Structures are given as C-alpha cells and as structure tokens.
Amino acid sequence: MAPAVVVPDALRRRYLGSRAGRTWLQELPDRVEAGLAAFRLVPDPAAGGQAWHGHGALVLPVLSTAGSPAVLKLPFPHPEAATEAAALQLWNGRGAVRLLDQDAAGTCLVLERLNPERTLLDVDLPEAVRIWGSLVRVLSLSETESPQWAAIPSLAERAEQLSDELPADWDALDRPFERWLLEAALEVCQTRGAVGRRSAGDVLVHADLHYANVLARPGAGGDYAAIDPQAVFGEPEYAVAPMLWNRLQDLDPEAPEDALLARLEGLCAAAGLDRSAAVDWSILREVANALEYVRLGLRADAARSVWVASALS
C-alpha cells in the first residue's frame, strides 16, 4: 500500500545533510501513519495527497471523521520547536492557529487549517505592519499559573548566555565583522537582559513572527493568525527583528537605512512597543544570526544580517 505522504523534495534536501535529519526523514512516513491512526484522521483528497512544509516541519492537510479540515504537523525536533505546543495552548486560538490535539511528547500536532495562499508576504507593507501590530498586542500575554509557562524559556537568560557565546564565536570564526558591532550586541545583553530580569512588563513573545508566519483563516473575510511560534518570555520588542530582515527588497533603494528605521518605527507604533528596546533587541538578534550564518557558510545571509544590525546601530 502506498504511504500516506510523500516528503516534499525541498524539505528532504534541507535535512539530508545531518544524521539527525536523515533519521527524521526516514521515520516521517511511519510517524504520519501513526498520527493519522491516533487522531482518527485521513489525508484530505482535495489536496491530492500532497504535503505542505515550512522550514522545519511537514504539514499534511487532513480531515477528521466528521469531515472537518485540519492539518497534521510533524516538526523536526529542535529546541526552538519545543515551545510550540505550550505557546499555542496559552494563546488558545487568539491571534494564533488553534491547537486541536497533540501527542504526549508534543512532536505530532493537529492544528486548525489556515489558508497557506494568504500570508503577509502578499499584503502591502503598511497593511502588513498594521496586521502584525494587532497580532503582537493580542499575543503578548502576561504570565499566569498555567503549567504551560514552564516550557517557555526566559529571554533575559538567553541574553546572558549570548554575552558569553558571542565573543567566543566571533573569535573562533576569525572575527567576520568589526568589533564595534560585536560590542553593540554585548551592550544589549547587559542592558536589556538586566531589564528583562526585573521587568513586570515581560510577556509571551512569538520570536519568529515574520510575514510568512502570518496566515489568513479560511473565507473571504478571514482574520489573520500566527503560526510556527518560537516562544520566549520577555520584552515584546524582541518580536520586531524578523519583520526587518525579511522583505528588504521593499526598502527604498535610494535610502535603505532610513527606510529600515522608518519600518521599525511603524512596527513599534502599530504594536505599542518601545523604539529603543526594539532597536536593541534587533541588533543583538542580527549579530547572533550573522555569526550563525558564517558558521554555516552562508556568507550572503551573514552579510545581510551585518547590514541590518549596522543600519540600526
């Protein structure tokens, strides 16, 4: 009998380069079959048996026994994906895709089906910024007694870790950009990290809330919802950076640095965020990104991150 899913080529190529990735790919068809059986789902014939995928997960359109549409999601197991189920439970469909069911380990999720053809990538930038800002306001939950909060890592603790990791990585990678930019990032670790440890304004933050991770709900007037959360607990301004390093082609080529800063100010206004904190966290995130890209040999991506961090500085 044919398997329930064929792993998309793009997803396969992405994970063939490591032992863990190859193991995950090999196990995916069996995991899909197990998930379909456990949750009493069938592949949606209207989708032609074709799976969707993001950067790090296989997503299969399915139907429940009652015929209701949903998706079965199997993320590649990595630390950033570990917070997804807990964050979605805390949001409970408010501003984010609704979690309908999950296995005990949180490695197989049943989610509300959104419209993959309608993302903020296809929305004019001013309107995309407005929608993003409204989502940030809804997603920024204060901590409660709910047990799901135990799975959400502290942003301040991450900043403290980066204060040790960034200088060591910069040296080990032959100092791939100027020292002043590294020092700017380290200053953020000291200031924003310290603020976060004692801030009463810390909230649940979707740390990967960019244009492609905001999808419309079905229907002509469907509202937008966030997907693929990489959740942290800290200052909400941490969410701004992915909206800066994506859609750079939309910046005014005559004055890209000014346009980038104007975009940041628009994002902060739409979401009610502090501009200074947004600049700080974005610099830190892009410096960390640049070092990771250099480590992976992705020079063009590293240069992009260095440019964004430098423009913000």
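Criteria and cut-off values
- Numbers given to residues run from 1 along each chain, matching the order in which its sequence is written.
- Reporting in this predicted model follows two pLDDT cut-offs: at least 70 for local features of residues, and 80 or more for side-chain atom pairs to be given and counted; totals over whole chains, interfaces and linings ignore these cut-offs and use all residues.
- Only hydrogens and water are set aside when side-chain values are computed; all heavy atoms of the structure are taken into account.
- Between the N-to-C directions of two axes lies an angle of 0 to 180 degrees, each axis being a line fitted to C-alpha atoms and, for a helix, fitted only over the stretch in contact.
- In this text, helices come from DSSP runs of H or I with a minimum length of four residues, and strands from runs of E with a minimum of two, each type numbered from the N-terminal end.
- Should an angle lie under 35 degrees it is considered roughly parallel, over 145 roughly antiparallel, and from 65 to 115 roughly perpendicular; all remaining angles are considered oblique.
- When the near helix sits turned anticlockwise from the far one by under a right angle, the crossing is termed left-handed; a clockwise turn instead gives a right-handed crossing.
- The contact definition used throughout considers only heavy atoms, calling two residues in contact when any of these lie within 4.5 Å.
- Gly falls in the polar group here, along with every residue not listed as nonpolar (Ala, Val, Leu, Ile, Met, Phe, Trp, Tyr, Cys, Pro) or charged (Asp, Glu, Lys, Arg).
- Candidates for patches are residues over 30% relative accessible area with no salt bridge; among them, like charges are joined within 9 Å and nonpolar side chains (Val, Leu, Ile, Met, Phe, Trp, Tyr) within 5 Å.
- In this description, accessible areas are obtained by the Shrake-Rupley approach with a 1.4 Å probe, and a residue is regarded as covered only by the protein chains that are shown.
- Only one rule defines a salt bridge in this text: a Lys or Arg side-chain nitrogen within 4 Å of an Asp or Glu carboxyl oxygen.
- Charged residues are defined narrowly, with Lys and Arg counted positive, Asp and Glu counted negative, and His plus the chain ends left uncounted.
- Charged groups are reduced to one reference atom each: NZ for lysine, CZ for arginine, CG for aspartic acid, CD for glutamic acid.
- Here the term buried applies to any residue with accessible area under 20% of the maximum for its type, exposed to any over 50%, and partly exposed to those in between, with areas from a 1.4 Å probe on protein chains only.
- Buried residues of nine kinds, namely Ala, Val, Leu, Ile, Met, Phe, Trp, Tyr and Cys, make up a nonpolar core once their side-chain atoms join them within 4.5 Å.

A. Summary view of the packing of helix 5 (residues 155-172) against helix 9 (residues 275-296). Two numbers describe how helix 5 lies on helix 9: the axes approach to 11 Å, and their chain directions differ by 45°. With respect to helix 9, the element helix 5 is oriented oblique. When you trace helix 5 past helix 9, the crossing you get is left-handed. From helix 5, Leu 155, Ala 159, Leu 162, Leu 166, Asp 169 and Trp 170 reach across to helix 9, where they touch Trp 281, Leu 284, Val 287, Ala 288 and Leu 291. Partitioned by chemical class, the residues of the contact of helix 5 with helix 9 number 10 nonpolar, no polar and 1 charged.

B. Spotlight on a negative patch on the surface. On the surface, a cluster of negative charge is made up of Asp 252, Glu 254, Glu 257 and Asp 258. Assignment of secondary structure puts Asp 252 in the loop between helix 7 (241-245) and helix 8 (256-271). Given a relative accessible area of 38%, Asp 252 falls into the partly exposed group.

C. Geometry of the nonpolar core. Grouped together as the largest cluster of nonpolar side chains are 84 residues, with contacts concentrated most on Leu 120, Trp 132, Ile 152, Leu 166 and Leu 312. For this core, the element with the most residues is helix 9, which contributes 9 residues. Discounting residues that sit within four places of it in the chain, Ile 152 has contacts with Thr 83, Ala 86, Ala 87, Leu 90, Leu 204, Ala 231, Val 232 and Phe 233. Formed by 21 residues, the second largest nonpolar core is a distinct cluster that contains Leu 11, Leu 58, Cys 108 and Val 110.

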